[in-house]
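Listed below are the residues making up each chain.
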Number of protein chains: 2
Amino acid sequence: MSSNVPISGQGITAPTPQNTPLNQAPIAQGLSRPMVPVIAEDDEQESVNGEDTVPDLSQAQAHLLGMVQGRLAGLIGKSSGYIESLPLPVKLSLEGLKGLQVQQDELQAKLKREITELEKKYLELTKPLYERRNAIISGKEAATITEIDAGYDYSVKDDPKYEALPKDPPPTATAIPEFWLTALRNHIGLAELITDRDEQALKHLTDIRYEYLDDSSDSEHGGKPGFKLIFTFSPNEFFENETLTKTYIYQQEVGYSGDFIYDRAIGDEIKWKEDKDLTKEFEIKKQRNKNTNRTRLVRKARPTESFFNFFTPPLPLDDINLEDLEDQEADEAEEKLELDYQLGEDFKDKIIPRAVDYFTGKAVDFDMLGDDDDDYEDIDDEDDEDDDDAASDDEEEPARRRGPPKGRGNAVNPEDCKQQ
Amino acid sequence: MSSNVPISGQGITAPTPQNTPLNQAPIAQGLSRPMVPVIAEDDEQESVNGEDTVPDLSQAQAHLLGMVQGRLAGLIGKSSGYIESLPLPVKLSLEGLKGLQVQQDELQAKLKREITELEKKYLELTKPLYERRNAIISGKEAATITEIDAGYDYSVKDDPKYEALPKDPPPTATAIPEFWLTALRNHIGLAELITDRDEQALKHLTDIRYEYLDDSSDSEHGGKPGFKLIFTFSPNEFFENETLTKTYIYQQEVGYSGDFIYDRAIGDEIKWKEDKDLTKEFEIKKQRNKNTNRTRLVRKARPTESFFNFFTPPLPLDDINLEDLEDQEADEAEEKLELDYQLGEDFKDKIIPRAVDYFTGKAVDFDMLGDDDDDYEDIDDEDDEDDDDAASDDEEEPARRRGPPKGRGNAVNPEDCKQQ
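Residues numbered from 1 in each chain as written. Chains lettered and ligands numbered in written order. Predicted model: local features only at pLDDT ≥ 70, side-chain atom pairs only at ≥ 80, totals over all residues. Heavy atoms only, no water.

Turning our attention to the overall build of chain A. Along its length, chain A carries twelve helices and six strands. The long-range share in chain A, meaning contacts at least 24 apart out of those at least 6 apart in sequence, stands at 63%. Counting every atom, chain A has about 18,700 Å² of accessible surface; 46% of that belongs to carbon and sulfur. (Helix = DSSP H or I, 4+ residues; strand = E, 2+ residues; numbered from the N terminus. Contact = heavy atoms within 4.5 Å. Areas by Shrake-Rupley, 256 points an atom, 1.4 Å probe, with all protein chains shown as cover.)

This is the structure in structure tokens:
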């Protein structure tokens, strides 16, 4: 079984694009976050494996397939005839490799499951800290001297000149006012969503937690993995709910890259008190009665921007008939969906774990990573003298401006945000 | 200890940017891959925690700090005076929360270590499959019928019309020619780096593996985590090395986001055979002897583009005196570094684990995720008739073009690549 068959395909070489300029380096190709499926029903079918035969797909899928093939032809060293041109013994070896890939994929999926279990374990380990945090924020318990000393060390790491707080009189149980509202306002995506009216309700937000979904097959969501965000509110004049939850459900099977793919998101229905629905605007309209010819005033509700729309998430794209949408509408639907998923991830991975950093603003700087510093102009030293006086004193000449790592994502340009 | 002190700061509200337009949704903010540190020595110091006092940083750091403060002022609900304005009891509660954050961070770092251990465990579990893969690719062993059947299932999932290969005569041990060269050429970043001359050497590439670094403190790299890529070559006319390795070292401490941060990369020295250095171009120059006035021909080497420059990676930015560089040079250095790190990650996470998909071209499509479909124009159905004939037959009207998820990274625009 180990005799070497002469390979007639030895000299066959697919066309190469080695002199092809790539204007942008493919830095951000790797997607580690859960992805939005293009066509959610069968993610696998979108791929092309270099065959001439076109699978019997839905029209939209087939069209996409054509697009992808059209795009790639001549671009990358993958000619559609190359694999076919290989002699049968080579093709059989290749088919064997694909069989091995199935085994590798199984191991990869097992690894993903084990990592998810680890994350669940550590969420449980973190819960007592979240309990304690909530007790301090709400003023139920006082911070201990040990915690305060550790907090000082944490601050001084960022700012060597940070001054320790006086600990006499000793710390008392003292609530931090509007802790979560302030934290959310320091998230660059949420800041945009929170209206003045929302703030009055979000002042009553007392905690945010998350739980992983039970992924045993008899569970609520049919064993699909995912997580649930739980927002707790103190009694308020806006709605009856004590908690509002938002559930993000992943697809059962991980995607090609080994990461989860979103299935859909579900939000709690908000039981608004009368006239308090923050997701609606009311306008007064005059109506004339055709019979009596008398006029009356009626109030009409129309949807408006609000953070609380977060709890009525957009439908997955496969629930919308894409054919019926204009290109722009479909793009907007896709963007809304991605923003909704991204906010869910950010709550789970950033805001809940690092709430204090969002409150103080420390986290903002790290969220700004990914900005391309080519988007900024140099600012004259005179202009920001107020901010870095102490530093300027030591400067012989202006230091070269260094931005955060660039080219690592879809930059959010703060310059755009300043046009208020 | 649970008496509630009246909060004079209750009414203080930082300015809010809720009506600020964000032109781009912050989809790609989350960086899950290891990051390039801006100033590697002390990543923490770059952050701002809303204090007026400016820490005693290096000039470049202080300047950056000023830049960041300048950028954010008025942008996000973080006024530099807000934290200071809080009454002492609230400040103490807040300091306690920071102390809790230290404990949370410790748990997070422990989770990261456990995940890394899991990844190591699964790499070990995958090794027999990599051994087997190498035996099939090199023609040492034949694929089994079981593997070939599993390979058929794998193919047919992507393409329902995929036809099974005849298994009579039975599969023999048959090498797959230029397997790794073909796979590498199907990686969009590497395709750009591999020259015609490189191909002659890369035909001798027989395997690529990776190992995690030993992160015990007495190990070679002082216990820093990381990984090593190992490229194995058959004897060839270009260099003496049987293997070329490239080592990526992470910093000991994980970054703010909980991910690894790159420290540096190290490559093996290539022992080029005479006149075979693919990273050099030679030009012949005439020289005149000042004494004899006779001319002679000398050969001068100059660096040239080559995949093999991968083994002499760029220096980390903290080793370069950024002050001495022009803006453009520094940007280029940063880009080179990021590309080098990204290639390392792609070898480890994509190319090695899914080599067969790179060989067939299947992986290319997934690498194209992240392209923004706004970058493409619709193509008339007539134009790509060759590609989707079978699909077009069923089409009543052109289906709406659907691209891959967009806004998820720094799009590599294939249109740019076509200008050959």
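Here we come to the environment of Asp259(A). In this structure, Asp259(A) sits in the loop between strand E3 (243-250) and strand E4 (262-267). In this structure the C-alpha to C-alpha distance between Asp259(A) and Gln108(A), which are 151 residues apart in sequence, comes to 9.9 Å.

A few words on the packing of aromatic side chains. We describe a pair of aromatic rings using the distance from one ring centre to the other and the angle between the two ring planes. Residues and elements named next belong to chain A. Going through the model one piece at a time under the given rule, you end up with 54 aromatic pairs over all chains. One aromatic cluster in this structure is built from Phe-231, Phe-233, Phe-239, Trp-272, Phe-307, Phe-308, Phe-310, Phe-311 and Phe-347. In this structure, Arg-299 packs its charged tip against the face of Phe-282, placed 4.0 Å from the ring centre. We note Lys-348 situated over the ring of Phe-227; from NZ or CZ to the ring centre the distance is 5.2 Å. (Phe/Tyr/Trp six-rings, centres within 6.5 Å; stacked < 30°, edge-to-face > 60°. Lys NZ or Arg CZ within 6 Å of the ring centre and 35° of its normal.)

Turning to the packing of helix H3 (residues 88-137) of chain A against helix H3 (residues 88-137) of chain B, a few remarks are in order. When two helices pack together, their arrangement is given by the angle between the helix axes and by the axis-to-axis distance. Interhelical geometry of H3(A) versus H3(B) gives an angle of 170 degrees and a closest axis separation of 10 Å. What the angle tells us is that H3(A) and H3(B) run roughly antiparallel. Partitioning the contact of H3(A) with H3(B) into residue classes produces 24 nonpolar, eight polar and twelve charged. (Axes fitted to C-alpha atoms, helices over the stretch in contact; angles between N-to-C directions. Parallel < 35°, antiparallel > 145°, perpendicular 65-115°, else oblique. Nonpolar A, V, L, I, M, F, W, Y, C, P; charged D, E, K, R; others polar.)

Moving on, we come to the sheet that holds strand E1 (residues 205-212) of chain B. Residues and elements named next belong to chain B. One open sheet holds the four strands; their spatial order is E1-E2-E3-E4, and the pairing between them is antiparallel. The sheet terminates laterally at E1 and strand E4 (262-267), the two strands that pair on one side only. Put simply, the sheet's adjacent strands are angled 15 degrees from each other on average, direction ignored. In this sheet, strand E3 (residues 243-250) lies alongside strand E2 (residues 226-233) in antiparallel orientation, the contact comprising seven bridges. Opposite Ile-230, over in E3, you have Thr-245 as the bridge partner. (Pairing = 2+ DSSP bridges.)

In this section: the pattern of salt bridges. Scanning all chains against the criterion turns up 48 salt bridges over all chains. Of the charged contacts, one joins Asp105(A) and Arg354(B) as a salt bridge, the two residues approaching to 3.2 Å between their closest N and O atoms. With Asp105(A) in helix H3 and Arg354(B) in the loop between helix H8 (327-351) and helix H9 (355-360), this pair bridges two chains. Judged by relative accessible area, Asp105(A) falls into the partly exposed class, the value being 24%. Taking relative accessible area as the criterion, Arg354(B) reaches 11% and is therefore assigned buried. For Glu178(B), the salt bridge goes to Lys203(B), with nearest N and O atoms at 3.8 Å. Pair noted here: Glu178(B) is in the loop between helix H4 (145-158) and helix H5 (179-185) and Lys203(B) is in the loop between helix H7 (196-202) and E1, with a separation of 25 residues, a long-range link. By sharing partners, the salt bridges in this structure join Asp105(A), Arg354(B) and Asp357(B) into a single network. (Salt bridge = Lys/Arg side-chain N within 4 Å of Asp/Glu carboxyl O. Buried < 20%, exposed > 50% of the residue type's maximum accessible area, 1.4 Å probe, protein only.)

Counting residues in hydrophobic clusters, the biggest one holds 142 residues, and the most contacted among them are Phe231(A), Phe307(A), Phe308(A), Phe231(B), Phe307(B) and Phe308(B). Among all residues touching Phe307(A), those that are not within four sequence positions of it are Leu184(A), Leu190(A), Leu193(A), Ile194(A), Asp198(A), Leu202(A), Phe231(A) and Phe347(A). (Core = buried A, V, L, I, M, F, W, Y, C linked by side-chain atoms within 4.5 Å.)

Here we take up H3(B). All names here are of chain B. Between the first and last C-alpha of H3 there are 69 Å, a value that for 50 residues agrees with the 74 Å anticipated at 1.5 Å per step. Taking the largest bend as the criterion, H3 deviates by roughly 35 degrees, centred on Thr-126, and proline Pro-128 comes between one and four positions later. Once H3 ends, the next one or two residues include Gly-139, with phi positive near 80 degrees. (Expected span 1.5 Å × (residues − 1). Bend = angle between axes of the 7 residues up to and from the residue.)

Right, let's get into the sheet that holds E4(A). All names here are of chain A. Pairing within the open sheet is antiparallel, and its four strands lie in the order E1-E2-E3-E4. Either end of the sheet is taken by a strand with one partner, and the two such strands are strand E1 (205-212) and E4. Sheet twist, expressed as the mean angle between neighbouring strand axes with direction ignored, is 15 degrees. Bridge count for E1 against strand E2 (residues 226-233) is seven bridges, and the pairing is antiparallel. The residue of E2 that forms the bridge with Ile-208 is Phe-231.

Residues and elements named next belong to chain A. With an omega of 10 degrees, the peptide bond between Asp-168 and Pro-169 qualifies as cis. With respect to the helices and strands, Pro-169 occurs in the loop between helix H4 (145-158) and helix H5 (179-185). One non-glycine residue, Asp-275, lies in positive phi territory at about 65 degrees. With respect to the secondary-structure elements, Asp-275 resides in the loop between E4 and strand E5 (280-288). With phi around 65 degrees, Asn-293 is a residue other than glycine that occupies positive phi space. With respect to the helices and strands, Asn-293 occurs in the loop between E5 and strand E6 (295-303). Accessibility expressed as a relative area gives 48% for Asn-293, which makes it partly exposed.

Its 25 residues place the ends of helix H8 (residues 327-351) of chain A 34 Å apart at the C-alpha level, agreeing with the 36 Å of an ideal helix rising 1.5 Å per residue. Summarising burial for H8(A): 18 of the 25 residues are buried, a large majority.

Looking now at the side chain of Arg209(A). Residues and elements named next belong to chain A. For Arg-209, the location among the structural elements is in strand E1. Residue Arg-209 is classed as buried on the basis of its relative accessible area, which comes to 17%. Within the structure, the side chain of Arg-209 is placed 3.4 Å from the side chain of Glu-131, a separation counted as a polar contact. For Arg-209, the contacting residues outside a window of four places in its chain are Tyr-130, Glu-131, Asn-134, Lys-228, Leu-229, Ile-230 and Ile-352. (Polar contact = N/O pair within 3.5 Å; in protein donor to acceptor, adjacent residues only side chain to side chain.)

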